[in-house]
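Close look at the chain arrangement
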Amino acid sequence: MNKIYINGLGCISTQKTFDTLFLEESAVNEVDTILSIHQPVYKEFISPVASRRMAKGVKNGIVASTLALREAQLETVDAIITGTGMGCIEDSEKFLKAILDNNEEFLTPTSFIQSTHNTVGGQIALGLQCKAYNLTYVNGSISFESALFDAKMMMEENDASSVLVGGIDETADYTMSLFRLAGFIKNENQGLDSFLKSTTKGVVFGEGATFFVVEKEKKATSIAAVLDVEILNALEIDKIENKIGSFLASNNLKFIDIDAVVLGYNGDMDSDAYYKILSEVTFANTPQVYYKHLSGEYDTASAFGLWVGTKIIQTQSIPDIVKINTIDKETYKTILLYNQRNGIDHSFTLISSC
Amino acid sequence: MSIGVAITGMGIISSIGNSVEENYNALLNSQVGITTIENIVTVHADVIKVGEIKKTNQELMDELGLGKDNNFSRTAMLGTIAAKQAVKDAGITSINEYKTGLISATSVGGMDMTERYYHEYFENPDIVKYISSHNAGDNTDKIAKELGLEGFVTTISTACSSAANAIMLGARMIKSGKLDRVIVGGTDAMSKFTINGFKTLMILSDGYNKPFDDNRKGLNLGEAAAFLVLESEELIKKENKKVLARVSGYANANDAFHQTASSENGDGAFLAMEKAFKAAQLKPEQIDYVNVHGTATPNNDLSEGRAMIRLFGENKVPDFSSTKPFTGHTLAAAAAIEAVYSVLAIQNNAVFPNLNFETPMAEFNLVPQTTLKHKKIEHVLSNSFGFGGNCSTLIFSKSE
């Protein structure tokens, strides 16, 4: 399996994750149950005329992808691959509401045009005038990992040497109220103390746009390497450890070779049960990291998780705010990321220093 | 020529039939599926015609044996029916025996239920179960569960080219050995959301769609699901499988012109076709039939036609037809049902007619095949384009 290199990052999240080093200005929101992104100054990236017509997910996607390209010092790429769980729900919601409230009359196409899941990928291509491969994955918690998997496969096939990969999701009011009704969102934020020991269902919801420039060649500016990505639809809880063992073995690694494990704890007791056994047994003596208490949970929150993992390798340090345990390592060479939601759509991502 | 990836099973449900055989018979006998809408209440019912599957959700639930507390969207039900047919057709009995994946495609996901219950959710606890069905991935997860498939599962959404990309990804994963077999395709149910969306864009025809006709007025929307089973050479040999046809070429390019409109010269379409030929190691003159995207919108047919002329050469475009006068434009499922039709064209040496065509377009000298034509067919090219500038081309070939 060939390594690919992460050469650029762009992260718009509910935390200050641009113009900062690594979460030094972050804080856990212990009040709200729906977190909003920390807004960039859009006009520095998008003309105000274009910006007015764009939903926030599209804007955030453009800003995050621009930041990633800048860091990688690239003008364009050989492929643009995005992942999104819910897609452009702000515009979907707007158009659907107009249909229902006006009995299918007096509609304008703008919000329909921008409601498709691939709007962000299409708009980035339009902005870069990039006619290359362009794809959008929409499969819940593995939407982003599908994009990363595809990017890696393209490089193995010698079909691309640089790919822009991103995960984007946005919140929208009515959809959030439905999610709350269905119990996906907690009634109240129970604070950090109970986050890892949650005894309730539901999550604190978030949104974000996280982009990576991955390239086949290692450069002086390369930040980290992606060794492997695996996606599985269903896995029983008692098989997780074995599965991770075989995933590591296929990369000639053992549990002990993992310098830090980044887990997708989201505060939902049922989802978190999948991570508990890893925290308490498999990786009990390994530095453990969580991040959804900062980003909130959403379908592509794991892209934020990869950003955290990549930053750990880049800075060779784990900020206290994302530490699950107090174990430190001198060097962080190999990091495993594991994410799933409610026992469906599992992803295993292995990254390392270059 | 590259050997291509083997297709060993197919399943389909569309407005012209509930099985591969029914769809084939309809194509042979010009039985059109475009009718007045029945399953959705819309103010546009009298002015639009659609390719609707004449089964109610209850009938689909009964057919699938889903319990009363199920929360399947229509998209998930259509997808499950087609995927189960494909798996059965491929003779697969133990789905997790080999490394097996599922790659679906959808544009609306569970929108049909969301729009039906949008304002009712807060009053009626019985329907709250449908909130989670909106997510596109939930529809695919349900299909996977119905198939008992636990491995690699993902979903692609690139609007109207979605299923072409699902087939492409599946073929690539087989070729690279990441999977032994994979079920690929797409599913989209009719929804008020898409009806009104295309209506506001003024690209819905008030009659029957007429692809590549000078007087074309737009598309008829349709709903459908179709899946193909792709398998590795190793598995074909080991299990002595019958190969229906092969996916020999595939490509995806972006028009990078406009969010919803295609460029006048069809740059994206041209690039996709060109790249697909490269992947297939075939020359344009080897194509016997082109199943065009041919939505019958003024913009698409002009753009696609120009791209074909650029690629094949003036007066050298092979026999081509759009099958959308039969089925309507089934969005994310379109490339999947047209993949089934492409395989049927190869198996039966038949070019299916481009119905409703009368007058050639003023801009170029392109006349589609308007009647059923039997001739030797080795290679079929199928185009699919979507919002966001997405252009995808697949090439299907006879298996030696």
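Position labels on residues start from 1 in each chain and follow its written sequence. As a convention, the first chain written is A and the first ligand written is 1, with the rest following in written order. Selection of residues for local features in this predicted model requires a pLDDT of at least 70, selection of side-chain atom pairs for listing and counting requires 80 or more, and totals for whole chains, interfaces and linings are taken over all residues. The basis for the side-chain values is all heavy atoms of the structure; hydrogens and waters are excluded.

The next point concerns the overall build of chain A. We count a stretch as a helix when DSSP gives it H or I for four or more residues in a row; a strand needs E for two or more, and each element gets its number in order from the N terminus. A count of helical and extended segments in chain A gives 11 helices and 10 strands. Taken over C-alpha atoms, the radius of gyration is set against a globule rule of 2.2 Å times the number of residues to the power 0.38. Relative to the compact-globule value of 20 Å for 354 residues, chain A shows a C-alpha radius of gyration of 19 Å, a close match. Expressed as lengths along the three principal axes of its C-alpha atoms, the size of chain A is roughly 60 × 45 × 35 Å. A separation threshold of at least 6 residues defines the contact pool for chain A, and within that pool the share at least 24 residues apart is 79%. All accessible-area figures derive from a Shrake-Rupley calculation using a 1.4 Å probe, and residue coverage is judged against the displayed protein chains alone. For chain A, the accessible surface area stands at approximately 12700 Å², while carbon and sulfur atoms represent 49% of it. Charge assignment: positive for Lys and Arg, negative for Asp and Glu; neither His nor the chain ends contribute. Where a charge lies is defined by one atom per residue type, namely NZ (Lys), CZ (Arg), CG (Asp) and CD (Glu). Between the mean site of the 29 positive side-chain charges and the mean site of the 45 negative ones, chain A shows a separation of 3 Å. Contact definition: two residues touch when any of their heavy atoms are within 4.5 Å.

Turning to the domain arrangement of chain A, a few remarks are in order. Residues and elements named next belong to chain A. Start and end positions for the domains come from either an automated domain assignment or a database one. Taken domain by domain, chain A consists of domain 1 (4–215) and domain 2 (226–352). Inter-centroid distance (C-alpha atoms) of domain 1 to domain 2 is 21 Å. With 52 residues of domain 1 in contact, the opposing surface of domain 2 contributes 47 residues. Carbon and sulfur atoms make up 66% of the area that domain 1 and domain 2 hide from each other, which totals about 4200 Å². Take the accessible area each of two parts loses on contact, using a 1.4 Å probe, and add the two losses: that sum is the buried area. Of all residues in domain 1, Phe 22, Phe 195 and Leu 196 give up the largest surface area on contact with domain 2, accounting jointly for 18% of the area buried on that side.

All right, on to the layout of surface pockets then. If you roll a probe as big as a water molecule over the atoms, it shows you where there is empty space left. A cavity, in this analysis, means grid points on a 1 Å lattice covering only the protein atoms where a 1.4 Å probe fits yet has no way out; a pocket is instead an open set bounded by protein on both sides within 12 Å along at least five of seven lines, and a residue lines either one if it has an atom within 4 Å of a point. Grid points are joined across faces, edges and corners, and a volume is the space filled by probe spheres set on the points. Put simply, the largest pocket is a space of about 1000 Å³. Asn 342 and Ile 344 of chain A together with Ser 132, Asp 138 and Asp 141 of chain B are the residues nearest the centre of the largest pocket, which is lined by 42 residues in total. Looking at the lining of the largest pocket, the elements that each hand over two or more residues are strand 6 (224–234) and strand 10 (344–352) of chain A together with helix 5 (136–147) of chain B. Per-element accounting of the lining of the largest pocket gives the leading share, seven residues, to helix 5 of chain B. Each residue is assigned to one of three groups, with Ala, Val, Leu, Ile, Met, Phe, Trp, Tyr, Cys and Pro labelled nonpolar, Asp, Glu, Lys and Arg labelled charged, and all others, Gly among them, labelled polar. Class assignment of the residues belonging to the lining of the largest pocket gives a composition of 13 nonpolar, 16 polar and 13 charged. When residues of the lining of the largest pocket are sorted by domain, at least three fall in each of domain 1 (4–215) and domain 2 (226–352) of chain A.

With that settled, the discussion passes to the pattern of salt bridges. Every case where a carboxyl oxygen of Asp or Glu lies within 4 Å of a side-chain nitrogen of Lys or Arg is listed as a salt bridge. This structure, assessed with the given rule, holds 38 salt bridges over all chains. For Lys 219 of chain A, the salt bridge goes to Glu 215 of chain A, with nearest N and O atoms at 3.0 Å. Here Lys 217 of chain B and Asp 206 of chain B are joined by a salt bridge, their closest N and O atoms 3.2 Å apart. On the criterion of sequence distance, the pair formed by Lys 217 of chain B in the loop between helix 7 (192–200) and strand 7 (224–231) and Asp 206 of chain B in the loop between helix 7 and strand 7 is long-range, its members being 11 residues apart.

Between chain B and chain A, the contact holds 63 residues from the first and 60 residues from the second. In this assembly, chain B packs against chain A so that about 5100 Å² is buried in total across both faces, 62% of it on carbon and sulfur atoms. The three residues of chain B that bury the most area against chain A are Tyr 118, Arg 172 and Phe 193 of chain B, which together make up 14% of that side's buried surface. Where chain B packs against chain A, one counts four salt bridges. Nitrogen and oxygen atoms within 3.5 Å of one another constitute a polar contact, given that in protein one can donate a hydrogen and the other can accept it, and given that sequence-neighbouring residues count only through two side-chain atoms. Our count for the contact surface shared by chain B and chain A stands at 27 residue pairs in polar contact (both at pLDDT 80 or more). Mapped by element, the contributors of at least two residues to the side of chain B that touches chain A are helix 4 (111–117), helix 5, strand 5 (153–156), helix 6 (162–175), helix 7, strand 8 (245–254) and helix 9 (267–280) of chain B. With seven residues, helix 7 of chain B is the single largest residue contributor to the side of chain B that touches chain A. Tallied by class, the residues present in the side of chain B that touches chain A amount to 26 nonpolar, 28 polar and nine charged.

So, on to the environment of Asp 69 of chain B. All names here are of chain B. Within the fold, Asp 69 resides in the loop between helix 2 (57–64) and helix 3 (74–89). Exposure categories follow from relative accessible area, calculated using a 1.4 Å probe and restricted to protein chains: below 20% of the type maximum is buried, above 50% is exposed, and the middle band is partly exposed. Owing to a relative accessible area of 67%, Asp 69 belongs among the exposed residues under this scheme. Along the chain, Asp 69 and Lys 129 lie 60 residues apart, while their C-alpha atoms are 8.3 Å from each other.

Take the pairing of strand 1 (residues 5–13) of chain B next. Residues and elements named next belong to chain B. With respect to burial, strand 1 is a largely interior element, nine of its nine residues being buried. Pairing between strands is defined by DSSP: at least two bridges between them are needed. Alignment of strand 1 against strand 8, held across three bridges, turns out to be antiparallel. Note on strand 8: the bridge partner recorded for Ile 7 is Ala 245.

In this section: the side chain of Glu 304 of chain B. All names here are of chain B. Residue position: Glu 304 is located in helix 10 (residues 298–312). Buried and without a salt bridge, Glu 304 has Lys 324 as its closest oppositely charged side chain, separated by 7.1 Å. A polar atom in the side chain of Glu 304 sits 2.7 Å from the backbone nitrogen of His 293. Those residues within four positions of Glu 304 in sequence are excluded, and the remaining contacts are Phe 212, Val 292, His 293, Gly 294, Asn 383 and Phe 385.

Our next topic: the UniProt feature "domain: Ketosynthase family 3 (KS3)" (unreviewed entry) in chain B. The UniProt record annotates "domain: Ketosynthase family 3 (KS3)" (unreviewed entry) at residues 2–398 of chain B. The distance separating the terminal C-alpha atoms of residues 2–398 of chain B is 12 Å; by composition the span is 33% helix and 19% strand. UniProt positions are given in the numbering used here, feature names are shortened, and annotations may be inferred rather than shown by experiment.

Here we come to the packing of aromatic side chains. The geometry of an aromatic ring pair is captured by two quantities: the separation of the ring centres and the angle between the planes. Under the pairing criterion, centres of Phe, Tyr and Trp rings, with the six-membered ring standing for Trp, must be within 6.5 Å; the plane angle then separates stacked pairs below 30 degrees from edge-to-face pairs above 60, leaving the rest tilted. Inspection of every chain in the model, using the stated rule, returns 26 aromatic pairs over all chains. With 6.2 Å between their ring centres and 75° between their planes, Tyr 24 of chain B and Phe 352 of chain B make a pair best called edge-to-face. Of the two residues, Tyr 24 of chain B sits in helix 1 (residues 20–28) while Phe 352 of chain B sits in the loop between strand 11 (350–351) and strand 12 (373–374), which places them 328 residues apart along the sequence. Put simply, the rings of Phe 95 and Phe 112 of chain A together with Phe 193, Phe 198 and Phe 387 of chain B pair up and form one aromatic cluster.

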